[in-house]
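# Structural characterization, general
The primary structure of each chain is shown beneath.
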Amino acid sequence: MIRTLLKSLREHQKGSWATVFLSIVEVVMEIIIPLCMADLIDFGIEAGHMDVVWKYAAALLVFALLELGAGMLSAHIGARTAAGFAANLRQDMYDNVQTFAFSNIDKFSTASIVTRLTTDVTNVQNAYQMLIRMAIRGPVMIVFSMIVSFGIHRSISLVFLAVIPILAILLSLIILKVHPVFERVFHTYDGLNNVVQENLRGIRVVKSFHQEAHETEKFKKISQSIYEDFGKGERLIALNSPLMQACMYACMILISWIGAKAILASGNNAALGLTTGDLTALITYAIQILTSLMMLSMVFAMITIASSSARRIAELLN
């Protein structure tokens, strides 16, 4: 299925790789900034050296501008690439429909083909855009943040190892619940298109036999079904945010509590070596790791929605 879809990428392969590269550059800059901020606090502000403060402030500005530039370029190229990929998919499906034998025409209804050319392609476009940006950015951010955090203070960084599996398991449960709901929705879309098509084709018959109320009720029923299923799916996905917030604040409280004790202890024993700047960096990395996990959960949710669409598109292309 994936190989079938990727054949439509064609001239947008370079754009995909450029988006991936720029996303990694953006992450690297975002990892460096907290380290730079920690040194600014420890060696500049607390030591009272204004020349050091200005030096690190200039470095922060450069890193921030590089991150901004990489992020903007990544978003721009990624959006153009995903839109171009979707355009190629639509064109390839349309061209393939023109070559259908009568057996194919009997298998795929007009309503189903319309859904595949519109809603399904849009879902695949959104999922692909997330894959080449968020799905790259999230894991790279988690890995780099974990490495740097363990380099700063190993025992405090163990808090991440306790929180991350809990959040990952809960998010996975949400995705498993959401998948069958959206699977059902896309089959209902075909029915909705079919109802509209039948009504428009037979509008004279409908008016002749005064069946407007019946047709309106039929449309309302299937539209309500889509509304209820989408509402259920979106309510489940909305649980991502409170889960992430709960884990994030629990993580920050634990890091602040353990870190404050470590800073006090390091006053008497320099070997323990945790500074105010280090604690600030650890809290920043905690936020980055948990935010990346939430981004990945959104990517998985979008992939869950798009997987059904991708199968339907591949079926038409084959």
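As a reminder, the structure under discussion sits directly above these lines.
Overview of the structure. (Residues numbered from 1 in each chain as written. Predicted model: local features only at pLDDT ≥ 70, side-chain atom pairs only at ≥ 80, totals over all residues. Heavy atoms only, no water.)

### Some words on the overall build of the protein
Check the secondary structure of the protein and you find eleven helices and zero strands. Beginning at the N terminus, the succession of helices and strands in the protein can be written as α-α-α-α-α-α-α-α-α-α-α. For a compact globule of 318 residues, the expected C-alpha radius of gyration is about 20 Å, and the protein comes in at 26 Å, more than 25% above that figure. Projected onto its principal axes, the C-alpha positions of the protein cover 90 × 40 × 30 Å. The buried share of the protein, reckoned over its 318 residues, is 45%. Taking the contacts inside the protein whose residues are at least 6 apart along the sequence as the reference set, 86% of them involve residues at least 24 apart. One finds the centroid of the 25 positive side-chain charges in the protein at a distance of 6 Å from the centroid of its 23 negative side-chain charges. (Helix = DSSP H or I, 4+ residues; strand = E, 2+ residues; numbered from the N terminus. Rg over C-alpha atoms; globule rule 2.2 N^0.38 Å. Buried < 20%, exposed > 50% of the residue type's maximum accessible area, 1.4 Å probe, protein only. Contact = heavy atoms within 4.5 Å. Lys, Arg positive; Asp, Glu negative; His and termini not counted. Charge placed at Lys NZ, Arg CZ, Asp CG, Glu CD.)

### A closer look at the side chain of aspartate 92
Within the secondary structure layout, aspartate 92 lies in helix 3 (residues 50-97). Dropping the residues within four chain positions of it, aspartate 92 is found in contact with Ser8, Arg10 and Leu317.

### Thoughts on unusual backbone geometry
For arginine 10, which is not glycine, the phi dihedral falls at a positive 45°. Take arginine 10: it is sitting in the loop between helix 1 (2-6) and helix 2 (13-45).

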